[in-house]
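Residue-level structural notes
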Amino acid sequence: MPRIVYIISAIAVALVLNNPAWAGESEEEQQIIKTVKETWKKLAEKEVSDGLVSPAGTINAQSSGGLWMNVERETFEAYMKESPDTLKFSPYHINVKFLGRKKDVAYVTYYLVGKIVREGKDDIANYRTRASNVMEKKDGKWVNSGAHYSPLFGGSGVE
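Now for a quick tour of the structure. (Residues numbered from 1 in each chain as written. Predicted model: local features only at pLDDT ≥ 70, side-chain atom pairs only at ≥ 80, totals over all residues. Heavy atoms only, no water.)

**Here's the deal with the pairing of strand 5 (residues 124-138)**
- Examined bridge by bridge, strand 4 (residues 105-118) and strand 5 share 11 bridges and lie antiparallel to one another. Opposite isoleucine 116, over in strand 5, you have isoleucine 124 as the bridge partner.
- Between the antiparallel neighbours strand 4 and strand 5 lie five residues, among them glycine 120 with a positive phi of about 75°.
- In this structure, strand 5 lies alongside strand 6 (residues 141-151), joined through 10 bridges in antiparallel fashion. Bridge pairing in strand 6 links asparagine 133 to alanine 147.
- Hairpin connection between strand 5 and strand 6: a loop of two residues separates the two successive antiparallel strands, and aspartate 139 in this loop has a positive phi of roughly 55°. (Pairing = 2+ DSSP bridges. Helix = DSSP H or I, 4+ residues; strand = E, 2+ residues; numbered from the N terminus.)

**Quick notes on the pattern of salt bridges**
- Per the stated rule, a full pass over the model turns up six salt bridges.
- For lysine 137, the salt bridge is made with glutamate 28, and the minimal N-O distance between the two is 2.7 Å. With lysine 137 in strand 5 and glutamate 28 in helix 2 (residues 23-44), the pair connects residues that are 109 residues apart, well separated along the chain.
- Residue lysine 137 is classed as partly exposed on the basis of its relative accessible area of 27%.
- Among the salt bridges present, the one from aspartate 50 reaches arginine 73, with a minimum N-O distance of 2.5 Å. (Salt bridge = Lys/Arg side-chain N within 4 Å of Asp/Glu carboxyl O. Buried < 20%, exposed > 50% of the residue type's maximum accessible area, 1.4 Å probe, protein only.)

**Concerning the nonpolar core**
- Counting 28 residues, the largest nonpolar core has Ile32, Trp40, Val108 and Tyr110 as the members making the most contacts within it.
- Those elements that provide at least two residues to this core are helix 2, helix 3 (73-82), strand 3 (85-99), strand 4, strand 5 and strand 6.
- Not counting residues up to four positions away in its chain, the partners in contact with isoleucine 32 are Val96, Phe98, Ala106, Val108, Met135 and Trp142. (Core = buried A, V, L, I, M, F, W, Y, C linked by side-chain atoms within 4.5 Å. Contact = heavy atoms within 4.5 Å.)

**A word on the environment of glycine 146**
- Its location among the elements puts glycine 146 in strand 6.
- Classification of glycine 146 as buried rests on a relative accessible area of 11%.
- Remark: the alpha-carbon pair of glycine 146 and valine 134, spanning 12 residues in sequence, is separated by 4.9 Å.
- Discounting residues that sit within four places of it in the chain, glycine 146 has contacts with Thr58, Ile59, Ser132, Asn133 and Val134.

**Remarks on unusual backbone geometry**
- With a phi close to 55°, histidine 93 is a non-glycine residue in the positive phi region.
- As for its position among the elements, histidine 93 is in strand 3.

Below is the structure:
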């Protein structure tokens, strides 16, 4: 019987040591990862979410190059609805690093892979880009306040 108690105790200790020390931070990280994944699914349906452009707008640099832009939510929503292009990307290797004393800012990096479906033109099939987002927690929700995208290893980026 003592051997069973020892085995159960060892398993319990192993489970405790393998759990994150800050459970809240792990939950926050999972919330951000879920937001990023849902953001790109919604964009394929031409819906703009807070994970892409916060209600207050976002500072953005596109994978097509160019200067930093202030992107207003309403302007971007109108552009996506009118655009003949459909962005079908999936995020991979999502990493989250929390910043600040309150851990209410996160630096999020990931890769986007997919294609751009263009009405009346050939699709851009080799879309690969690096993405980095600055997200902040506003009213209990993670929103994207800044983003930078750049082509990855010969990926096409946005034309």
